[in-house]
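Chain by chain, the residues run as shown.
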Amino acid sequence: MRARLLSKHEFHRFLEKLKSQGTLVAPVKEDIVRFKEITDVSAITTEGHPLFPLKKYFSPQKRKIFTYENNNIEEVLPEKQYIMFGARLCDINALLRLDKLFLGDISDRYYQRARANNLIIGLHCEIPPNEMCFCESMGLSDSGYDLLFCDAGENFHIKVGSERGNALVQDLPESDFQPEPIKTEKKLHNTEIAAFFENDAWKKEVEKCLSCGACTTLCPTCLCFDVYDDPDVEMNKGARITEWDSCQYEDFTKVAGGHVFRQAREQRFRHRIFHKIQYYKDQFGEFMCTGCGRCIEGCPTKIDFVEILNGMKQ
Amino acid sequence: MTELPEIATVDDIKQQTTSEYLIRINKGYKHDPGQFFQISLFNIGEAPISICSYDKNYIEMSIRSVGNVTDKLNALQKGDTIGIRGPYGRGYPMHDFKDNNLILIGGGSGVAPLRGVIQYIEKHRDDYKDVHLFFGFREPKEMLFKEDIESYKEKFDVHLTVDHPDDHWKGNVGVITKLLEESRVSNENTIVFLCGPPIMMKFGLQTLEKMGFNRDQVYLSFERQMKCGEKKCGHCMMNGVYVCKEGPVFRYDEVEGLSEKW
Ligand SMILES: Cc1cc2nc3c(=O)[nH]c(=O)nc-3n(C[C@H](O)[C@H](O)[C@H](O)COP(=O)(O)OP(=O)(O)OC[C@H]3O[C@@H](n4cnc5c(N)ncnc54)[C@H](O)[C@@H]3O)c2cc1C
Ligand code: SF4
Ligand code: SF4
Ligand code: FES
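Conventions and cut-offs
Residues numbered from 1 in each chain as written. Chains lettered and ligands numbered in written order. Predicted model: local features only at pLDDT ≥ 70, side-chain atom pairs only at ≥ 80, totals over all residues. Heavy atoms only, no water. Helix = DSSP H or I, 4+ residues; strand = E, 2+ residues; numbered from the N terminus. Rg over C-alpha atoms; globule rule 2.2 N^0.38 Å. Buried < 20%, exposed > 50% of the residue type's maximum accessible area, 1.4 Å probe, protein only. Contact = heavy atoms within 4.5 Å. Areas by Shrake-Rupley, 256 points an atom, 1.4 Å probe, with all protein chains shown as cover. Lys, Arg positive; Asp, Glu negative; His and termini not counted. Charge placed at Lys NZ, Arg CZ, Asp CG, Glu CD. Near = heavy atom within 4 Å. 1 Å grid on protein atoms, 1.4 Å probe; cavity = no way out; pocket = protein on both sides within 12 Å on 5 of 7 lines; lining within 4 Å. Sits in = over half its atoms within 2 Å of the grid points. Nonpolar A, V, L, I, M, F, W, Y, C, P; charged D, E, K, R; others polar. Pairing = 2+ DSSP bridges. Axes fitted to C-alpha atoms, helices over the stretch in contact; angles between N-to-C directions. Domains from an automatic or database assignment. Buried area = accessible area lost by both parts, 1.4 Å probe. Polar contact = N/O pair within 3.5 Å; in protein donor to acceptor, adjacent residues only side chain to side chain. Phe/Tyr/Trp six-rings, centres within 6.5 Å; stacked < 30°, edge-to-face > 60°. Lys NZ or Arg CZ within 6 Å of the ring centre and 35° of its normal. Salt bridge = Lys/Arg side-chain N within 4 Å of Asp/Glu carboxyl O. Points joined across faces, edges and corners; volume = space filled by probe spheres on them.

**Quick look at the overall build of chain B**
If you tally the helices and strands in chain B, you get seven helices and 16 strands. Whereas a compact globule of 262 residues would reach a radius of gyration of roughly 18 Å, chain B reaches 18 Å, a difference of no more than 12%. Put simply, chain B has 262 residues, and 58% of those count as buried. Counting only contacts in chain B whose residues sit at least 6 apart along the sequence, the fraction spanning at least 24 positions is 69%. With the model as given, the accessible surface of chain B reaches about 11,000 Å², and the carbon-plus-sulfur share is 45%.

Take a look at the structure:
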């Protein structure tokens, strides 16, 4: 399908059209840039990279799986149909990574429903929005979007990724534009890390980790969760909840009797990195990490796993 | 998460030891020995529990009170309801063991899933050759399935031991691995089930190796924190392996290289 051209004068009108078709989510500049549900399209920004990723729209931080009243169960499924504007390629790829986990052999119905009619309008990175970006090393695929907006001064060139996307832009003038692959200053050089499991650098470099879980909260592909019940005071009803959890917390692997399988913080840190760079790839053939840089940017003690891995020698 | 719990009625609940109760649900579920259910009580929460029976008409579970959910499960009365989802995980591939001798080594609550294996063997007795049971408990009063074990003595080669005997105990005292070594059971055409606390499995593996068993003759069962049972929540990962789905039963050579197994 041919690319299209949209004059920036027409941009707000285009966004209005999107908004009329579902719940529009897009980056807004507040104290920081955040993805938000949009009421006023003029609040949308195409600058910067939202610190918090899109995963909350597909499996909220605290999510009711079902409500119960006496012995009757009612499943809770998403109500909104999201149209996402302004997702960068790392975040679009992150959804593709999560799809493999949540739509795999046992699909998560909530996630599936939220993803099913989800429309994604990406925003190409002419220059990386953040100095922590290293997506160039992570083999991102140029897919997963319905449309991809590429800023070209006066205009946007719009790359078309799906029939649904095409239907939104088919009245616009055609364009021959092809976006340049994204180049990042920061790079992950060591992507084959199996031999680095036992390495002194883990302990040394991760000593200052607070096990706070900021990295897992910010990561667009971290979606581990806890399961618990939230009863009503009258105790005849309540809800079973999944809530984001973190492998960085000590009790994440605790079992009855008190044994913890990853007792040392560097073991927990290493587990996360191995999941992102090694284990997921063993299973699905691609990295789980999409190089968005958030876990580095948002770490209160500025632990940089890319530098840690780059510094390791066989 | 995907599968919603079904409501099931507790058709029987019996005290087994000071802290363990046997719960029966008169409903059959197609399953393999070694698989587990996620059992829940509304308002309280959910816990993974092994199936310790093998019958098309009912399931039994032996539950040890160690906290929130298990304490409340053990306080249930006949007729109360629970939530149940599953069965989950990969159990013992019993078909693959046809025409083999079987050695079942269980420590403490590790005996529970093995009881499911025994009930399977009883229903398919001609498929297997000699069956040896090695069960160890901390104290005689912690012994699970006493009556069942009595009846096994008539059918199988049974070895029992306790760590700390009381005044009435006349049997073996000491670790299960010692009994195993002394028994000199042959490693020919033999499959070993090793189920118990990590320390017991670790020493068990050493003993078995000394006795000439290969890694692919030994099946282990692992315990992890398991919130979903559906390969989603991440809690059960052992390196890159999801124990809830790919396990909890593994052949030893499948997990030997995983540094996080103990
Ligand atoms: C595959 C499998 C099969 C099992 N089969 C059986 C069985 O047949 N019978 C049986 O009795 N048990 C079985 N268990 C163990 C059982 O699931 C646990 O004992 C149970 O989940 C404990 O839950 P609880 O709510 O009673 O205890 P909790 O109140 O959750 O905790 C009890 C103790 O566990 C630790 N703990 C566990 N989770 C956490 C957490 N999130 N945070 C902090 N501490 C924690 C703590 O040390 C605490 O003191 C099995 C476990 C697995 C994985
Ligand atoms: S690496 Fe940083 S963000 Fe992650 S848990 Fe440690 S201190 Fe928190
Ligand atoms: S691991 Fe860090 S850089 Fe990679 S996707 Fe997650 S937050 Fe982004
Ligand atoms: S128990 Fe949730 S992933 Fe295994």
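**Observations regarding the overall build of chain A**
What chain A contains, in helices and strands, is nine helices and 12 strands. For chain A, the C-alpha radius of gyration of 21 Å lies close to 20 Å, the compact-globule estimate for 314 residues. Oriented by its inertia axes, the alpha-carbon framework of chain A measures out at about 65 × 60 × 40 Å. Scored against the burial criterion, the 314 residues of chain A give a buried share of 53%. Sequence separation of at least 24 residues holds for 70% of the intrachain contacts in chain A that already meet a minimum separation of 6. Taken together, the 42 basic and 48 acidic charged side chains of chain A have centroids lying 2 Å from each other.

**Re the site of ligand 2**
Residue and element names in this part refer to chain A. As a structural note, the neighbourhood of ligand 2 is formed by Cys209, Leu210, Ser211, Cys212, Gly213, Ala214, Cys215, Gln248, Phe269, Cys299, Pro300 and Thr301. Judged by the fraction of its atoms near the pocket grid, ligand 2 is located in the largest cavity. A class-by-class count of the residues in the shell around ligand 2 yields eight nonpolar, four polar and no charged.

**A look at the sheet that holds strand S12 (residues 237–244) of chain A**
All names here are of chain A. In spatial order, the strands read S5-S4-S12-S11; together these four strands make up an open sheet with antiparallel pairing. Of all the strands in the sheet, the pair left with one neighbour each is strand S5 (72–75) and strand S11 (225–231). The average angle at which neighbouring strand axes cross in this sheet is 25°, direction not considered. Across seven bridges, S11 lies against S12 in antiparallel orientation. If you follow Phe225 over to S12, its bridge partner there is Trp244.

**What about the domain arrangement of chain A?**
All names here are of chain A. Here chain A is described as being made up of domain 1 (3–58 + 76–175) and domain 2 (194–226 + 245–310). In this complex, domain 1 contributes 25 residues to the contact, which on the side of domain 2 involves 25 residues. Both faces combined, the contact of domain 1 with domain 2 buries some 2,300 Å², and carbon together with sulfur accounts for 66% of it. Among the residues of domain 1 in contact with domain 2, Lys55, Arg97 and Phe134 are the three that bury the most area, contributing 28% of the side total.

**Considering the side chain of His159 of chain B**
All names here are of chain B. Mapped onto the elements, His159 comes out in strand S10 (residues 157–162). Within the structure, the side chain of His159 is placed 3.0 Å from the side chain of Asp157, a separation counted as a polar contact. Ignoring any residue separated from it by four or fewer positions in sequence, one finds His159 in contact with Leu133, Phe134, Phe135, Leu179 and Ser183.

**Some thoughts on the packing of aromatic side chains**
The tally for this structure, following the rule as stated, stands at 27 aromatic pairs over all chains. Aromatic side chains Tyr92 of chain B and Phe193 of chain B sit 4.8 Å apart centroid to centroid with 50° between the ring planes, which places their arrangement in the tilted category. In this pair, Tyr92 of chain B is assigned in the loop between strand S7 (81–88) and strand S8 (101–107) and Phe193 of chain B in strand S12 (residues 190–195), connecting sequence segments 101 residues apart. Since its relative accessible area comes to 0%, Phe193 of chain B is described here as buried. A network of ring pairs unites the aromatic residues Phe11, Phe14, Phe85, Phe149 and Phe156 of chain A as a single cluster. Of note, Arg224 of chain B hangs over the ring of Phe261 of chain A, and the distance from its end group to the ring centre comes to 3.5 Å.

**Some thoughts on the interface of chain A and chain B**
The figure often quoted for interface size is the accessible area lost as the parts come together. The interface is formed by 40 residues belonging to chain A together with 34 residues belonging to chain B. Counting each side, the surface lost to burial between chain A and chain B is near 3,400 Å², with a carbon and sulfur contribution of 55%. Counting every contact that joins chain A to chain B gives four salt bridges. For the side of chain A that touches chain B, the secondary-structure elements that each account for two or more residues are strand S4 (62–69), S5, helix H2 (89–102), S11, S12 and helix H7 (265–284) of chain A. No other element matches the five residues that S11 of chain A contributes to the side of chain A that touches chain B. A class-by-class count of the residues in the side of chain A that touches chain B yields 19 nonpolar, eight polar and 13 charged.

**A word on empty space enclosed by the protein**
All names here are of chain A. Taken as a whole and assessed by the stated rule, the structure comprises four cavities of 30 Å³ or more. Considered as a void within the structure, the largest cavity measures approximately 160 Å³ in volume. In terms of lining residues, the largest cavity is bounded by 17 residues, among which Cys215, Phe269, Cys295, Cys299 and Ile303 are the most central. Among the elements of the structure, helix H6 (214–218) and H7 are those that each provide at least two residues to the lining of the largest cavity.

**Topic: the site of ligand 1**
Residue and element names in this part refer to chain B. Close to ligand 1 lie 22 residues; Pro48, Ser62, Arg64, Val69 and Thr70 are nearest. Here an oxygen atom of ligand 1 and a backbone polar atom of Pro48 are 2.7 Å apart. The contact in question runs from a nitrogen atom of ligand 1 to an N or O atom on the side chain of Gln225, over 3.4 Å. The protein chains hide 76% of the 960 Å² of surface that ligand 1 would expose on its own. Going through the elements one at a time, strand S5 (45–50), strand S6 (59–64) and helix H1 (68–74) are the ones with two or more residues in the shell around ligand 1. Residue contributions to the shell around ligand 1 peak at four residues, all from S5. The residue makeup of the shell around ligand 1, split by class, is 10 nonpolar, seven polar and five charged.

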